[in-house]
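# Results of the structural survey
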Amino acid sequence: MRAQEKRAVEAVSDHLAGLDRAPDALSLAQVIGTALGATGCALTVAGQRHQWGACAERWHTQPVTCDGEEQALLAVAPDSAGPLDALATALGPPLLAMRLAAETDRLRRDGDAAARELVDDRWRTTVEMEQERRSLERDLHDGAQHHLVALKMAMALVEHTGATEERLAQLESKLDAAEKALTDTAAGILPIPLSTEGLAGALAAELAAHSDVTLDTTGFRRRYPPLVESTVYFACLEAVNNAHKHAPGAAIAVVVRDTDRGLEFGVSDDGPGFAADRARLPNLSARMATVGGSIDVRSSPGRGTTIIGLVPR
């Protein structure tokens, strides 16, 4: 082994022994180049070249192997450096570790990119669903509601043909109720207050008719994307409807607020509650999942029920 190569092997060994972290390819190239008295030194690991020194001379290249597999490429300038077999052997294990670390980091970045692409796809799907809901709203408004109004006018004509007043009053009352249900359904798909006043205004307008429901939005001070606000709006209404269904007569409290974690809402009632193992709301969970959100149901017999939803920032 030539004296210069021996000094380089010793310098690499001392350098690695003094590290308290993973070795750095550029600093290792500098150690090698300095020990060899070279004008330049480069290590190519996992396809990335780490070069020390600015050199226009021709390079001597030497593969670095470990366990019978090439791990990196060592290059030294000038090319008169000659064979560096002993140095390449000493560099095998540390450069193997560097290559594995670099490839692991690349795989992690690729995985992160794939995860972001998946999130983008989910949001695009949600946008398409929102567009379908708006199309359905127009169909209800321009189609079904129009026919109901026409039927109501036809009934007014029947009134003058001698039909009993009581029967007509009953039919007209049922028709009014059906028309209101369809109108409310169309408004529920994309409520006007939701688009004009935001989440807080839409909830206030919808829940004002329920004397057993209180709404607190004092901790809600910012706007969120329309898809997020509409999802939380419908989730709150669904949670209130569940409380009306399973805890009739109970007082219901709705809270919407900004937190460090994101947009959070809670719907609580002081009803009879139920066992924790029955606390499953698949429809509500699926709705929240469309915007990356989640729900947590807390209930026990005699202690009421609380549904907490979160859309992370």
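Residues numbered from 1 in each chain as written. Predicted model: local features only at pLDDT ≥ 70, side-chain atom pairs only at ≥ 80, totals over all residues. Heavy atoms only, no water.

Where an unreviewed UniProt entry is consulted, the chain appears under the name histidine kinase, with the organism given as Saccharopolyspora flava. A UniProt comment under Catalytic activity (unreviewed entry) is attached to the chain, and it reads "ATP + protein L-histidine = ADP + protein N-phospho-L-histidine." (UniProt positions renumbered as here; feature names shortened; annotations may be inferred.)

With that settled, the discussion passes to the packing of helix α6 (residues 198-207) against helix α7 (residues 226-246). Relative to each other, α6 and α7 sit at 25 degrees, their axes nearing to 9 Å. Considering the angle they form, α6 stands roughly parallel to α7. For the element pair α6 and α7, the recorded crossing hand is right-handed. Along the contact surface, α6 presents G198, L199, A202, L203, E206 and L207, while α7 presents E229, V232, Y233, C236, L237 and V240. Residues belonging to the contact of α6 with α7 are distributed by class as follows: nine nonpolar, one polar and two charged. (Axes fitted to C-alpha atoms, helices over the stretch in contact; angles between N-to-C directions. Helix = DSSP H or I, 4+ residues; strand = E, 2+ residues; numbered from the N terminus. Parallel < 35°, antiparallel > 145°, perpendicular 65-115°, else oblique. Left-handed = near helix turned anticlockwise from the far one by under 90°. Contact = heavy atoms within 4.5 Å. Nonpolar A, V, L, I, M, F, W, Y, C, P; charged D, E, K, R; others polar.)

Looking now at α7. When the terminal C-alpha atoms of α7 are compared, their 30 Å separation across 21 residues agrees well with the 30 Å that a helix rising 1.5 Å per residue should span. Of all 21 residues that make up α7, 15 are buried, and the element is covered over most of its length. (Expected span 1.5 Å × (residues − 1). Buried < 20%, exposed > 50% of the residue type's maximum accessible area, 1.4 Å probe, protein only.)

To continue, consider the environment of A239. Tracing the backbone shows A239 in helix α7. Measuring from C-alpha to C-alpha, the distance between A239 and T306 comes to 9.2 Å, with 67 residues separating the pair along the chain.

The subject of this paragraph is the nonpolar core. Taken as a class, soluble globular proteins show a tendency for nonpolar side chains to be buried jointly. Ranked by size, the top nonpolar core spans 32 residues in total, and within it L199, Y233, V254, V256, L263 and F265 carry the most contacts. The element that contributes the greatest number of residues to this core is α7, accounting for ten residues. Setting aside residues no more than four positions away along its own chain, L199 makes contact with L194, F220, E229, V232, Y233, V256 and L263. Grouped together as the second largest cluster of nonpolar side chains are 23 residues, V9, L36, L84 and M98 included. (Core = buried A, V, L, I, M, F, W, Y, C linked by side-chain atoms within 4.5 Å.)

So, about the sheet that holds strand β2 (residues 48-52). If you trace the four strands from one edge of the open sheet to the other, you get β2-β1-β4-β3, paired in antiparallel fashion. Edge positions in the open sheet fall to β2 and β3 (60-66), since each of these has one partner strand only. Ignoring strand direction, the axes of neighbouring strands in this sheet form an average angle of 20 degrees. Taken together, the five bridges between strand β1 (residues 40-45) and β2 define a ladder with antiparallel strand orientation. Directly across from A42, in β2, lies its bridge partner Q51. With respect to the sheet, helix α2 (residues 25-36) is in contact with β1, β2 and β4 (69-77), its orientation differing from that of β2 by roughly 45 degrees. (Pairing = 2+ DSSP bridges.)

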